Amino acid sequence: MTEAQEKIYKNPNNHPRGRWRGIPMTAQGYRPNQMYEIVAPGGAIHTPPEGRCWSTIEPEFKKLLSEGRIYFGKDGNSQPNIIRFLDEVEGLVPWTWWPHEEVGHTDEAKKEMHALFSKVDAFLTPKPERLIRRILDIATNPDDLVLDSFAGSGTTGAVAHKMGRRWIMVELGDHCATHIVPRLRQVIDGTDQGGISKAVDWKGGGGFRYYRLAPSLLEKDAWDNWVIAKDYYDPAKLAQAVCKLMGFVYQPDETKYWMQGRSSEADFIYVTTQSLTRAQLAALSEEVGDERTLLVCCKAFRAEADAFPNLTIRKIPQAVLRECEWGKDDYSLNVANLPEAPREPDGSDDPRPPARAGGKGGIGKPASQDDLFSKGGGK
């Protein structure tokens, strides 16, 4: 509540608990156990108005009366009101009309941008931080997860961070690097004292991770068939992507070409764009041996799929398609325990980690968006 909203709470009877307001003690409808006479201290007798009943049963009313929580007006004869003290009111029921005095306006939002990036580099269509704070106050609690899939200048993430919420932001534009990351660094180190910072006593803290997700692993050719995307023609990149989708850790062995990843100490994966003959598969099976198993993902093969007990043979892209998730309401991204992204060795300001095979960040579903994931948000 603002100071203006608190002014409706007064203390006309000098109650020791402080300021309060009267809440009418009636409710719409007819309930027999809420239809009784109330005798005011001045002698007036009150019954509920027509079409209404008292808002509480008689034993509860008597309890409130004994606690000094019923007010009968200055003359002691007015219709009873329940006393609601200011110190027990957590907030207000949200209104649908939000004036700019409470939530800011576009000019305020632009000034916030100018303070962060100067007028030259300012984002053109920012939102005022007070507006986002109002939305998050209504819709979330501390430590909740806030998603903004069109991050823009990063206002949602900045405000969520200052309010102790976790957040995920997604952005396709270049301002992910030019605006959002520099802004969040100022939030974290406490130098951003604009927006809602003073209102929430923000001093800095927390952190975030930056991911650039890989392009789609599969694409359709001119005949509407699924094929491996051209971006994955590099063998190592393809192997890393397939390992991720098939549940293997990408861990290529220096001596065994077929040992590209593992799911356990004795279960491995081999990814290739070649068409494998029966003879090649037989040789591979013999090298794997009886104590180990191998998932083979290849373009095609000339043998029965179960011809070799220690080999599981799958075609690409069919094997990948089976692992893709279609039409789900929830695509969970497990990023909680991923390692820190390495910094650029030359000390540049580019927040993106250096390129490596298979894309960035280790996210399970390839995409073509830049994501920011918070890990913190507390003071």
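Preceding this section is the structure that the text describes.
Quick caveat: nothing in here was measured; it's all calculated off a predicted structure. (Residues numbered from 1 in each chain as written. Predicted model: local features only at pLDDT ≥ 70, side-chain atom pairs only at ≥ 80, totals over all residues. Heavy atoms only, no water.)

## Topic: the side chain of H15
With respect to the helices and strands, the residue H15 is situated in the loop between α1 (3-6) and β1 (20-24). Of the polar contacts made by the side chain of H15, one reaches the backbone nitrogen of R17; its length is 3.0 Å. Apart from the residues lying within four places of it in its own chain, the contact partners of H15 are W20, G68 and F85. (Helix = DSSP H or I, 4+ residues; strand = E, 2+ residues; numbered from the N terminus. Polar contact = N/O pair within 3.5 Å; in protein donor to acceptor, adjacent residues only side chain to side chain. Contact = heavy atoms within 4.5 Å.)

## Examining unusual backbone geometry
Each neighbour pair has its own omega, and for I316 with P317 the value is 10 degrees, a cis peptide bond. By secondary structure assignment, the location of P317 is in the loop between β19 (311-315) and α10 (318-323). Positive phi values are uncommon outside glycine, yet N14 reaches one of about 55 degrees. Following the sequence through the fold, N14 ends up in the loop between α1 and β1. In this model, D201 sits at a positive phi of 55 degrees, which is unusual for a non-glycine residue. Assignment of secondary structure puts D201 in the loop between α7 (175-189) and β10 (208-212).

## Observations concerning the nonpolar core
Soluble globular proteins tend to bury their nonpolar side chains together. Residues L217, Y232, V242, I269 and V271 are the most contacted members of the largest nonpolar core, which totals 21 residues. Listed by contribution, the elements that provide at least two residues to this core are α8 (235-246), β15 (267-271), β17 (293-298) and α10. Per-element accounting of this core gives the leading share, seven residues, to α8. With sequence-adjacent residues up to four places away left out, V271 is seen in contact with L238, A239, V242, Q260, C297 and I316. V159, C176, I180 and V200 belong to the second-largest nonpolar core, a separate cluster that totals 20 residues. (Core = buried A, V, L, I, M, F, W, Y, C linked by side-chain atoms within 4.5 Å. Buried < 20%, exposed > 50% of the residue type's maximum accessible area, 1.4 Å probe, protein only.)

## A closer look at the state of the cysteines
Following the criterion strictly, the structure yields zero disulfides and no others. With no disulfide of its own, C298 lies 7.6 Å from the sulfur of C297, the closest cysteine sulfur. Look at C298 and you get buried, because its relative accessible area is 0%. (Disulfide = S-S within 2.5 Å.)

## Re the pattern of salt bridges
With the rule as written, the count across this model stands at 18 salt bridges. Here E102 and R134 are joined by a salt bridge, their closest N and O atoms 2.7 Å apart. On the criterion of sequence distance, the pair formed by E102 in helix α3 (residues 100-103) and R134 in helix α5 (residues 129-139) is long-range, its members being 32 residues apart. Where K162 meets E129, a salt bridge forms, and the shortest distance between an N and an O atom there is 3.0 Å. Here the residue K162 occupies a position in helix α6 (residues 155-162), and E129 occupies one in helix α5, the gap between them amounting to 33 residues. K162 sits in the buried class, given a relative accessible area of 1%. Where salt bridges share partners, they join R17, R69, D87 and E88 into one cluster. (Salt bridge = Lys/Arg side-chain N within 4 Å of Asp/Glu carboxyl O.)

## Section: α5
Of the positions making up α5, those classed as buried are E129, I132 and L136. Take α5 and look down its axis: the buried residues cluster within an arc of 65 degrees, on one side only. Summarising the contacts, the buried residues of α5 are in contact with α4 (106-117), β8 (145-148), α6 and α7. (Arc of directions from axis to C-beta.)

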